[in-house]
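Listed here are the chains, written in short residue letters.
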Amino acid sequence: MKPEDFDLFSVLVKQRSGLVLTRDKAYLLESRLTPVARKWNLKTLDDLAQSVRAKRDETMLRDITEAMTTNESFFFRDQKPFDQFRQVLLPQLLKSRAAKRQIRIWSAAASSGQEAYSLAIILNEEAAKLQGWKVDIFGTDLSAEMVERAKSGIYSQFEVQRGLPVTFLVKYFQQVGTDRWQVKDNIRQMVQFREGNLLTDFGPIGTFDIVYCRNVLIYFDQPTKTRVLEAISKVLTPDGTLFLGGAETVLGVTEKFKPLENERGLYVLTGRTGATAPVPPAPFQAATV
Amino acid sequence: MKSCLIVDDSRVIRKVARQIFDTLGFSCEEAEDGKVAHAACLKKMPDVILLDWNMPVMNGIEFLRALRREPGGQTPVVVFCTTENDLNHIQEALTSGANEYIMKPFDADIVRSKLSQLGVIEA
């Protein structure tokens with residue numbers, strides 16, 4: 001690939017997604033963009049670059065960005081952030097939200113939806129404690145294609161075996177054809193997916209008690225990381241929690257967040273005091289609702 | 001060192017599986033059918049058994065049922081690894097005492113993720 005073509009694509013992708021492509025990623029660019037060129041009936045990436053320069057067709061620019069930003073995802077990826085949710089955050093929220101009986105969670109780079117569905121599965125496992133509660137799981141991704149996949153809840157045999165215990169496969173999925181599996185309706189109904197770009201205004205999405213934004217910041221440069229984290233800080237409830245990926249941190253990036261003591265990968269707003277949220281006394285609870 | 005018994009009638013699959021388990025730090029034994037596997041278990045119960053379903057002489061599900069009846073036969077973690085990929089087979093395996101289920105084709109990632117969920121290896 002010509003250096004000027006590489007620059008053209010990398011600037012485009014950076015502007016639209018925040019993803020930083022360094023020169024050593026030329027192979028990645030070539031392997032991901034060749035199918036895009038083919039889709040547009042162009043023979044080479046040279047032709048694709050020329051077409052971008054000449055027309056700046058919105059759909060083509062979008063195809064290029066999406067091809068570069070699609071990432072693989074797994075159910076219960078890294079396991080620990082889901083254990084922390086179930087064992088640490090959920091018990092806290094059951095107390096602190098006892099009056100409101102509402103929990104809102106945002107999977108901020110939802111990809112094909114596995115993170116959001118993993119959380120829905122956990123919540124279903126804990127359903128007895130959540131009788132009468134309203135739980136919203138909201139998933140956004142930059143890619144329209146990913147959002148469609150996430151909504152469908154259909155995964156390949158490979159995908160449902162990475163990270164998903166077979167007991168959950170049996171309980172929460174139905175087989176579609178010979179080697180595809182679809183998340184059952186009761187779990188799909190717990191999650192809403194829509195397109196969303198972390199670099200632009202989030203729009204009227206409300207506030208969240210928990211935001212998962214894992215393995216996204218690693219692709220951004222420093223100013224973009226800061227921008228994204230500060231935007232997230234504005235949609236987090238004052239005692240809310242942010243999950244970042246294992247290789248990500250807020251330290252040296254923003255003053256808005258601080259790490260939560262003893263809980264790796266969890267961050268809370270700096271203004272918040274103590275290691276855990278102040279818990280108001282729980283009101284008397286009726287047996288069932 | 002943890003031990004693994006790889007039960008599959010295909011030598012190629014046994015070799016692939018063995019490489020994966022070697023990398024994960026297991027000592028491996030192999031068996032080409034359920035009967036050979038059963039005899040190996042009576043000598044010494046392995047920590048993990050990777051088990052094919054369709055095999056000559058004694059198939060995987062027959063072996064599993066026989067194993068679970070043996071003294072000490074509850075201990076090994078049994079992971080089915082088979083081309084049978086429908087819900088009925090999976091449910092039959094689980095009710096017969098399997099701990100996990102892998103649908104072929106499989107790779108090292110899948111094996112690792114299943115074993116770490118089972119607590120057999122570190123995440």
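Residues numbered from 1 in each chain as written. Chains lettered and ligands numbered in written order. Predicted model: local features only at pLDDT ≥ 70, side-chain atom pairs only at ≥ 80, totals over all residues. Heavy atoms only, no water.

A. Examining the state of the cysteines more closely. Residue and element names in this part refer to chain B. Counted according to the given criterion, the structure contains zero disulfides over all chains. Lacking any disulfide linkage, C4 is separated from the closest cysteine sulfur, that of C28, by 5.0 Å. Relative accessible area serves as the criterion here: at 10%, C28 is assigned to the buried category. (Disulfide = S-S within 2.5 Å. Buried < 20%, exposed > 50% of the residue type's maximum accessible area, 1.4 Å probe, protein only.)

B. Structural detail: the pattern of salt bridges. Counted according to the given criterion, the structure contains 29 salt bridges over all chains. Notably, a salt bridge pairs K104 of chain B with D8 of chain B, separated by 2.8 Å at the nearest N-O pair. In this pair, K104 of chain B is assigned in the loop between β5 (100-103) and α5 (108-117) and D8 of chain B in the loop between β1 (2-7) and α1 (11-23), connecting sequence segments 96 residues apart. Across the salt bridge formed by K114 of chain B and E100 of chain B, the nearest N and O atoms sit 3.1 Å from each other. Remark: E100 of chain B occurs in strand β5 and K114 of chain B occurs in helix α5; sequence separation between them is 14 residues. Neither residue differs from the other here; K114 of chain B and E100 of chain B are each classed as buried. The network of salt bridges with shared partners includes R162 of chain A together with D107, D109 and R112 of chain B. (Salt bridge = Lys/Arg side-chain N within 4 Å of Asp/Glu carboxyl O. Helix = DSSP H or I, 4+ residues; strand = E, 2+ residues; numbered from the N terminus.)

C. Layout of the sheet that holds strand β4 (residues 173-176) of chain A. All names here are of chain A. The antiparallel open sheet is built from three strands, whose spatial order is β3-β5-β4. The two strands at the open ends of the sheet, each matched to only one other strand, are β3 (154-156) and β4. Ignoring which end each strand starts from, the neighbouring axes of this sheet average 35° apart. Pairing of β3 with strand β5 (residues 180-183) involves three bridges; the strand directions are antiparallel. Of the residues in β5, the one forming a bridge with Y155 is W181. (Pairing = 2+ DSSP bridges. Axes fitted to C-alpha atoms, helices over the stretch in contact; angles between N-to-C directions.)

D. Main features of the domain arrangement of chain A. All names here are of chain A. With domains assigned, chain A is organised as domain 1 (3-69) and domain 2 (80-269). In this assembly, eleven residues from domain 1 lie in contact with eleven residues from domain 2. Interface of domain 1 and domain 2: buried area, both sides summed, is about 790 Å²; carbon and sulfur atoms make up 51% of it. Three residues stand out in domain 1 for area buried against domain 2, namely S17, R62 and E66, and they jointly supply 42% of the buried area on that side. For the pair domain 1 and domain 2, the number of links is two salt bridges. A salt bridge links R62 to E195; its shortest N-O distance comes to 2.3 Å. Residue assignment for the side of domain 1 that touches domain 2 shows that the elements contributing at least two residues are α1 (3-17) and α4 (58-69). A class-by-class count of the residues in the side of domain 1 that touches domain 2 yields two nonpolar, five polar and four charged. (Domains from an automatic or database assignment. Contact = heavy atoms within 4.5 Å. Buried area = accessible area lost by both parts, 1.4 Å probe. Nonpolar A, V, L, I, M, F, W, Y, C, P; charged D, E, K, R; others polar.)

E. Looking closely at the nonpolar core. Residues and elements named next belong to chain A. Formed by 65 residues in total, the largest nonpolar core has its most connected members in F85 and F173. Looking at this core element by element, the count peaks at seven residues for helix α6 (residues 114-125). Filtering out sequence-adjacent residues up to four positions away, F85 remains in contact with L90, P91, I105, L119, I122, L123, I210, Y212 and F243. Grouped together as the second largest cluster of nonpolar side chains are 25 residues, L199, V216, V228 and L242 included. (Core = buried A, V, L, I, M, F, W, Y, C linked by side-chain atoms within 4.5 Å.)

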